[in-house]
Structure formats: structure tokens, C-alpha cells
Amino acid sequence: MTAQVVRGHVFHVAGNATLATAVEALVSLPDGALVVDDAGSVAWLGPYADLPPAYADVPVRRADFVLPGFVDAHLHYPQTFAVDAYGGGQLLDWLERCIFPAEARLADGDTAGRVAEEFVRRRVAAGTTTAMVFGSAFPAAQDALFETHREAGLRLVSGRGVQTVGPPAAAPLLTGEDEAVQLVADEIERWHLVDTGEPATSKLQVAVVPRFSLSVTRRTLAALGELYEGVRGRGVYFHSHLSENDRPGDGEVTAVRATYQVRDYLDTYDGRFLPGSEVGGPGFLGRRSVLAHAVHCSDRELARLAETGSSIAHCPTSQQFLGSGTMPWRRTSAAGVTVAAGTDIGAGDEWLIPRVLNDTYKVHLSEPGTDSIALAPAELLYTGTLAGAQALDLDDRIGNFDVGKDADFVLVEASGWDPLARALEYATQQAEDEIVAADQTLFALLMGLREPALKAVLVAGHEINLRPLRWG
Ligand code: GUN
Ligand code: ZN
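A quick note: this is a predicted structure, and the numbers were derived from the prediction, not measured.

Trainee: So what about the pattern of salt bridges? Which residues, and what values?
Mentor: Applying the stated criterion to the full structure yields 24 salt bridges. As a salt-bridge pair, Asp178 and Arg219 come within 2.8 Å of each other at their nearest N and O atoms. Highlighted residues: Asp178 in helix 5 (residues 177–191) and Arg219 in helix 6 (residues 218–231), separated in sequence by 41 residues. For Asp178, a relative accessible area of 56% corresponds to the exposed category. Given the relative accessible area of 48%, Arg219 is considered partly exposed. In this structure, Arg304 and Glu307 form a salt bridge, with 3.4 Å as the shortest nitrogen-oxygen distance. Of this pair, Arg304 and Glu307 both sit in helix 8 (residues 299–308), separated by 3 residues, roughly a single helical turn. Sharing partners across several salt bridges, the network here consists of Asp93, Arg247 and Asp250.

Okay, here's the thing in C-alpha cells:
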């Protein structure tokens, strides 16, 4: 790879920022230069006018905007073709009527291949350079997913969705309990770190993924917990859903408490899945654990997530689609839990993380009373980039343009999406003050960005192309 200079308006949230420090850590360089070295790392970042002479001969590529690649902390590969499925009802109805049947179709190898390819194409079109991907039940479908990602050069953490119990519609997705654990162990051996062998450099990593507590039994949780205990040290992840839907009477949260006889939903992932939340085996929480939703968590659950370094994938687009409510922003962030953004395709019907950030802004401004919050543009950018890297424990490698990190970035050409171009023209005209102008521009950019304005997507300096891979 040859070195490159990328010139444009660069935004990123620098250093080891958290949500609390994102505003002060925002860097805006209206005529900036990002220098990527021949190893694909960030070599220098600053105003173009200050470009060091050493880079004077490096080819320059221009774009309107340069942003860190987006991190999608939760989406479902086997739901690629199930977006906007009409089933009426909330989570459990939708799963039975729409999703279990759609996911069952990936038992067919050709279908799985087509879905994997479309999944990669949608990801690239949305500038999602890193993703935590909820996998298919079928090992061959997972092979197709990992293969297509390896060919494309995208970062992927994924694991087969484990289900050992469920309603009749879920039958094609179920396995026996011993088989479930064996298949997860096989997937880890087959795909975890398969590209480089090192957690520090690999783009392909595996997660242990029970679908949710209602899809498994105490015995499955115990056996998966034992397995996880043995592979944690190799950087294997844990991923699942947590406390998403609490429809009175028959919602998910009520059902989990009733099935397991536990105080809190989170107890089931914390090894405390016996009645009365007694310990039944090793838990799954930790720095490489990402739980999707966390809409209805108690303070105790949030404190436990924070204490263990586990993270939340926040998916407001999906939460609206399923009538789940939304994660209380102030209370959750005050607890000290890292909150990253997830599309939750296919309950979420937008592949683009900035579209999720757009919904994030709206739903939290609309929280009632003193819970309402107007998130700053820097906080939105943080949530869709660096927070995702932190949630996936990859922030030493990606998430912003700190020198030495891998250069994962997207190039935006506003003219690709007229409404964005117009909004930027007007937003940026208003403020004389540099900081206010940066906020106006970043806000208009994140709220108004759509796929057609994404001109290029690069992972570690490599441009990812959209060429159909194998299934066409
Ligand atoms: N909980 C268990 N499975 C699912 C799923 O596929 N989507 C969502 N949004 N929640 C779930
Ligand atoms: Zn989900």
C-alpha cells in the first residue's frame, strides 16, 4: 500500500475520550490533512497548511469530509432480507411471525451466500468499518459470513446465534444443548483470529452469542459459561440482548424473570441464573461483553455492567420499530456504562449509523421531563465511532485518528445527497464563532448524512470496494 494524504474537513473525537469528555475532545479541522502511512496507520493529522515537508510528495485525495469509520455494535446478519417485516406486535410476536422463519432460510447454503454478500454490501455502503454481528444458527452460513468479510477486508466480530429452546416457529434454529456448545467451540477454532492469529491485529473475531435468555436453558447457560471461561483469555467476545421489551404482562423482561426466577434479567448472563439469582456457573460479563438495548435495566444492573466493563449497544431505531421504549440516556450514562450505537438490523431498518444517531438525538430530546437531553454533536459522533471501539475493546486500534491507530475512515461528498449539501450550506453560514460553526456543521452532517454521500470507505488505509463477491 502506498501512503496517502486525505484532505478535507476532518472531524474526530480524540484520545481516550468518554461521553463526559467528548465535547472537549472534538477535533474539527476545516481544511485538514490525514496522513496514512504505507502500513495503513495514521501517521499525522493537522491543518493542511501545516503538512510536514516529509509528506509533500505523498498523493493527496480530496473529500468534503473525513470521519472515522462507523462502528455498528449490534446488527443481525440473518435478518439482512427481513428489514421492515410486517408482523404487527412487539418483540416476541415479531420474532415468531417474521424473524424465526426468515432466519430459517439460511439453512440453505446458496441463500446464506447471497445474504452474506448483501450484508457486506450494505455494510460497506453505510461506512460501517467495524461491526459486532449477531450470527446465524447455521455453521455453513457463518462460514459464508466470515469468508465474505475476509475477502472484503472489513472488521467483524460474530458468533452463531445459540437457541436450545423456543416456540414452534423457532424449531429450525434449535439444536440440542451439547451440540450448541460444540458448534460454538468449533466456530471459535475455525474463525477466531484466523487472519493474523493475534487479538492485537486480527480483523476477524468470534463471540459467544446466546440469542437471549429465553432462547436457552439454565443448562445451556452453564455449559456456555464454562466454555467462555476457557476462551476469554483468547479475546473471544460475549454478545446478546438485554432487557429490551417490557410489554406489561407478557413482555420479554417479565418472561425472563418468570422463567428463571431471578431478580434481574442481567443475572442470567452473570452466572446467577438459578432461582433467587443464586450462582449456577461462570458468567459472561467483562470488557468484551456487549449487550444490546438495556431499555428497562434497574440501577443495580447498570452498576453491574459498569463494574464489569461490559457495554451497551443502543439501538433506538429498532426500539421504535418494536415499541420497546428507549434506553434512559441520562441514567444509563451516569452509571458509567459505555454506550455505543447499533442499527439492530432487521428490527432497525437503517444500515447507516448516522441514521441511528439521528434517532438517538430525537428520542432522548423527547424523553419526558428532566430526563430530556439535547446531545451535543460531539457526543453523537463519539457514540457512533470511539464508543463503539471502546465497547468492542478495540480502542487501542480504531475509533479515531490518534497517531498510530489503524486508519479506518469514510470520505463524504455532500453533493452525493442534495438535501445534505443544502443543509450544510445553510448551517455553516450562520456562526462566526469557530466552535459554534463546527458544531453546526457536524450536527447537520451527522443528522443529514445518507448512503449516497459516502464516496469511499477505508479500513487500515485499504479502500473497500463494492464489487459483488461470489454470489452476484
Ligand atoms: N431478542 C431476541 N432476538 C432478537 C432479535 O432478533 N432482534 C431483537 N431486536 N431482539 C431480539
Ligand atoms: Zn438485536
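Trainee: Describe the site of ligand 1, listing the residues and the values that go with them.
Mentor: Around ligand 1 sit 13 residues in total, of which His76, Gln79, Arg211, Glu244 and Asp344 are the nearest. Arg211 is positioned with one of its side-chain polar atoms (N or O) 2.7 Å from an oxygen atom of ligand 1. At 2.7 Å, a side-chain N or O of Glu244 approaches a nitrogen atom of ligand 1. In isolation ligand 1 exposes 280 Å². Once the protein is present, 100% of that is buried. Among the elements that make up the shell around ligand 1, the one with the highest residue count is helix 2 (residues 91–104) (3 residues). Here the residues of the shell around ligand 1 sort into 6 nonpolar, 4 polar and 3 charged.

Trainee: Describe in detail unusual backbone geometry, supporting the description with residues and values.
Mentor: Negative phi is the rule for most residues except glycine; trans is the rule for most peptide bonds. Backbone torsion omega between Ile345 and Gly346 reads 5°, so that peptide bond is classified as cis. Its place among the elements puts Gly346 in the loop between strand 13 (338–341) and helix 11 (353–365). Phi is positive for Ala294, close to 50°, though the residue is something other than glycine. Mapped onto the fold, Ala294 is located in the loop between strand 11 (289–293) and helix 8. Even without glycine at this site, Asp393 takes up a positive phi of about 60°. Relative to the assigned elements, Asp393 resides in the loop between helix 13 (386–391) and strand 14 (409–412).

Trainee: Requested: an account of the packing of helix 11 against helix 15 (residues 434–448), with residues and values cited.
Mentor: One way to put it is that helix 11 packs onto helix 15 with a least axis distance of 7 Å and a crossing angle of 110°. With respect to their mutual orientation, helix 11 and helix 15 come out roughly perpendicular. Here helix 11 contributes Pro354, Leu357, Asn358, Tyr361 and Lys362 to the contact with helix 15, which in turn contributes Phe443, Leu446 and Met447. Classifying every residue of the contact of helix 11 with helix 15 by side-chain character gives 6 nonpolar, 1 polar and 1 charged.

About the cut-offs
Residues numbered from 1 in each chain as written. Chains lettered and ligands numbered in written order. Predicted model: local features only at pLDDT ≥ 70, side-chain atom pairs only at ≥ 80, totals over all residues. Heavy atoms only, no water. Salt bridge = Lys/Arg side-chain N within 4 Å of Asp/Glu carboxyl O. Helix = DSSP H or I, 4+ residues; strand = E, 2+ residues; numbered from the N terminus. Buried < 20%, exposed > 50% of the residue type's maximum accessible area, 1.4 Å probe, protein only. Near = heavy atom within 4 Å. Polar contact = N/O pair within 3.5 Å; in protein donor to acceptor, adjacent residues only side chain to side chain. Areas by Shrake-Rupley, 256 points an atom, 1.4 Å probe, with all protein chains shown as cover. Nonpolar A, V, L, I, M, F, W, Y, C, P; charged D, E, K, R; others polar. Axes fitted to C-alpha atoms, helices over the stretch in contact; angles between N-to-C directions. Parallel < 35°, antiparallel > 145°, perpendicular 65-115°, else oblique. Contact = heavy atoms within 4.5 Å.

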